[in-house]
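A structural walkthrough
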Amino acid sequence: MAKKKRALITGITGQDGSYLTEFLLDKGYEVAGLVRRTITNDLGNSKHLKDEILVYYGDLQAPESIALAIYDFKPDEIYNLAAQSSPMASFKDKLGTMAITGTGAVHVFDRAKDIVPNAKIYQASTSEMFGAPPCVPQNEETPLSPANPYAAAKLYAHQMAKISRVDKNDPQFIACGILFNHESPRRGINFVTRKITAAVACIKNGKTEGIPLNEWGEPIVQNGKLKLGYLGSKRDWGYSPDYVQAMWLMLQQDKPDDFIVATGEVHTVEDFCREAFAEVGLDYKDYVVTDPSFIPPVETGPLCGDYSKAKKVLGWKPKTTFTELVKIMVHSDLAKFS
Ligand code: NAP
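What counts, and where the lines are drawn
Residues numbered from 1 in each chain as written. Predicted model: local features only at pLDDT ≥ 70, side-chain atom pairs only at ≥ 80, totals over all residues. Heavy atoms only, no water. Domains from an automatic or database assignment. Contact = heavy atoms within 4.5 Å. Buried area = accessible area lost by both parts, 1.4 Å probe. Salt bridge = Lys/Arg side-chain N within 4 Å of Asp/Glu carboxyl O. Helix = DSSP H or I, 4+ residues; strand = E, 2+ residues; numbered from the N terminus. Pairing = 2+ DSSP bridges. Axes fitted to C-alpha atoms, helices over the stretch in contact; angles between N-to-C directions. Near = heavy atom within 4 Å. Polar contact = N/O pair within 3.5 Å; in protein donor to acceptor, adjacent residues only side chain to side chain. Areas by Shrake-Rupley, 256 points an atom, 1.4 Å probe, with all protein chains shown as cover. Nonpolar A, V, L, I, M, F, W, Y, C, P; charged D, E, K, R; others polar. Buried < 20%, exposed > 50% of the residue type's maximum accessible area, 1.4 Å probe, protein only. Phe/Tyr/Trp six-rings, centres within 6.5 Å; stacked < 30°, edge-to-face > 60°. Lys NZ or Arg CZ within 6 Å of the ring centre and 35° of its normal. Core = buried A, V, L, I, M, F, W, Y, C linked by side-chain atoms within 4.5 Å.

**A closer look at the domain arrangement of the protein**
Size of an interface: often given as the accessible area lost when the parts come together. Parsing the protein into structural domains produces domain 1 (6–183 + 238–261) and domain 2 (192–234 + 266–302 + 320–336). Of the residues lining the interface, 15 residues belong to domain 1; the matching set on domain 2 comes to 17 residues. Of all residues in domain 1, the largest losses of buried area upon contact with domain 2 belong to M88, E183 and Y239, amounting jointly to 43% of the total for that side. The interface formed by domain 1 and domain 2 contains zero salt bridges. When residues of the side of domain 1 that touches domain 2 are traced back to their parent elements, those giving at least two are α3 (87–92) and β11 (238–239). The dominant element in the side of domain 1 that touches domain 2, judged by the number of residues it contributes, is α3, at three residues.

**Details of the sheet that holds strand β9 (residues 225–228)**
Read across the open sheet, the three strands follow the order β8-β9-β14; overall the sheet is mixed. Strand pairing shows two members of the sheet lacking a second neighbour, β8 (221–222) and β14 (288–290), which therefore form its edges. As judged from the three bridges shared by β9 and β14, these two strands associate in the parallel manner. Its bridge partner being in β14, L226 is matched across the sheet by V288. Helix α6 (residues 192–204) rests against β8 and β9 of the sheet, and its axis sits at about 175 degrees to β9.

**Topic: the site of the ligand**
In the vicinity of the ligand there are 23 residues, among which T13, D16, S85, Y150 and K154 approach most closely. Here T13 contributes a side-chain N or O atom positioned 2.5 Å from an oxygen atom of the ligand. The fraction of the free accessible surface of the ligand (900 Å²) that becomes covered by protein chains is 87%. Every element with two or more residues in the shell around the ligand is listed here: α1 (15–26), β5 (120–126) and α5 (149–166). It is β5 that contributes the most residues to the shell around the ligand, three residues altogether. Tallied by class, the residues present in the shell around the ligand amount to nine nonpolar, nine polar and five charged.

**A word on the pattern of salt bridges**
Taken as a whole and judged by the stated rule, the model has 18 salt bridges. A salt bridge links R274 to D271; its shortest N-O distance comes to 3.0 Å. With R274 and D271 both in helix α8 (residues 269–278), this residue pair falls three residues apart, about one helical turn. Here R274 falls in the partly exposed class, since its relative accessible area comes to 39%. By relative accessible area, D271 is classed as partly exposed at 21%. By sharing partners, the salt bridges in this structure join K162, R165 and D258 into a single network.

**Examining the pairing of strand β4 (residues 77–80)**
The two faces of β4 match: E77 and Y79 on one face and I78 and N80 on the other face are all buried. Judged from the four bridges that link them, strand β1 (residues 6–10) and β4 form a sheet pairing that is parallel. Within β4, the position partnered with L8 by the bridge is I78. When β4 meets β5, the two strands line up parallel, connected through four bridges. Opposite N80, over in β5, you have Q123 as the bridge partner.

**A few points about the packing of aromatic side chains**
To describe a pair of aromatic rings, one takes the distance between the centres and the angle between the planes. Considering all chains together, one arrives at eleven aromatic pairs under this definition. Arranged with centres 6.2 Å apart and planes meeting at 40 degrees, the rings of Y79 and Y122 form a pair that is tilted. Placement of Y79 in strand β4 and of Y122 in strand β5 is noted, with a sequence separation of 43 residues between them. In this arrangement the basic side chain of K74 is found over the ring face of Y71, its NZ or CZ atom lying 4.0 Å from the centre. For the cation-ring pair, R186 lies above Y19, with the distance from its terminal atom to the ring centre recorded as 4.0 Å.

**Here's the deal with the nonpolar core**
L24, Y79, Y122 and W316 are the most contacted members of the largest nonpolar core, which totals 35 residues. Residue assignment for this core shows that the elements contributing at least two residues are β1, α1, β2 (30–35), β5, β6 (173–179), α7 (240–251), β12 (258–261) and α9 (308–314). Broken down by element, this core gets its largest block of residues, eight residues, from α7. Once residues within four sequence positions are removed from consideration, L24 is found in contact with A7, I9, Y29, V31, Y79 and W248. In this structure, I203, I220, V280 and Y287 belong to the second largest nonpolar core, which totals 31 residues.

Below you can see the structure in the form of structure tokens.
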């Protein structure tokens with residue numbers, strides 16, 4: 001019987017890590033995850049998969065823990081999804097974000113090079129690296145000019161991946177997915193889309209206790225209102241389960257490359273609010289208020305991706321529309337916050 005392929009995922013407890021694990025298990029892979037140990041031993045979004053995966057406790061800031069996981073598991077593919085992934089939080093912890101999201105990624109590349117030099121690596125790059133781009137839509141050739149510490153750390157990792165890829169003596173297979181925003185019911189509560197759908201559910205269900213907390217530790221709904229930042233922010237929002245397929249496809253190629261993964265459609269935060277509240281028969285204007293403390297010091301966007309290279313080379317395209325995405329998230333939160 002053919003040996004099963006092995007994939008090691010950093011960030012397996014996160015949104016994408018959990019969907020990617022389901023996708024790879026379905027394809028017959030053996031999957032392991034690098035997990036930060038907590039007193040609850042919580043596997044986050046991958047809790048339901050605990051009996052199907054192998055867990056290595058570790059941290060991207062502790063290179064020896066990455067080395068031990070790679071040495072023991074000997075992966076054929078490594079998906080580096082772990083990151084301090086919040087642009088807003090990165091302004092409050094610039095160096096911590098760099099240590100995990102930037103330098104941490106290079107620890108993964110280097111430990112893999114030492115132990116499994118033929119392993120194929122996926123690096124989770126981001127559309128945030130475009131900053132305030134000079135053109136719409138953005139493609140793989142659009143200049144990168146990050147506007148927040150998170151994106152600057154991601155750019156460092158992205159560039160280091162490209163350098164390792166073209167090293168004349170010892171090239172590594174590191175593919176970079178420049179993914180535009182992608183969401184799901186498993187999105188962290190402090191990201192704007194999930195904050196909106198959770199608030200819609202709490203308001204619609206008349207919930208007064210157990211309301212999730214925002215990044216400043218306050219309930220997301222207070223006195224019947226949801227506080228948000230700039231409603232005019234323009235983003236290209238896709239569905240996470242569609243996007244993890246593109247990650248895998250990048251590692252099935254003969255050569256490593258960069259690929260934009262996006263929907264090609266742009267919507268504002270206000271559009272998202274309108275559709276999410278309308279899904280339960282409410283008007284967002286009665287509930288949403290703006291608060292400057294949620295506006296980042298430097299604004300990114302408009303972000304809108306041209307995924308034609310991924311379509312041509314990988315045969316990938318998004319399956320879920322913006323309206324379907326909003327519905328999926330609202331209905332999941334209606335059940336969760338009832
Ligand atoms: P996420 O839900 O925030 O997950 C981040 C993961 O990183 C979690 O599993 C977290 O573990 C782990 N992590 C954080 N710090 C770590 C450390 N020091 N050592 C080891 N693990 C650590 O992110 P996501 O939405 O799934 O995104 C996956 C990746 O794609 C991230 O790198 C993100 O920056 C990037 N990306 C995301 C988007 C998007 O729209 N979602 C777009 C472009 C790129 P804990 O459970 O311990 O916190």
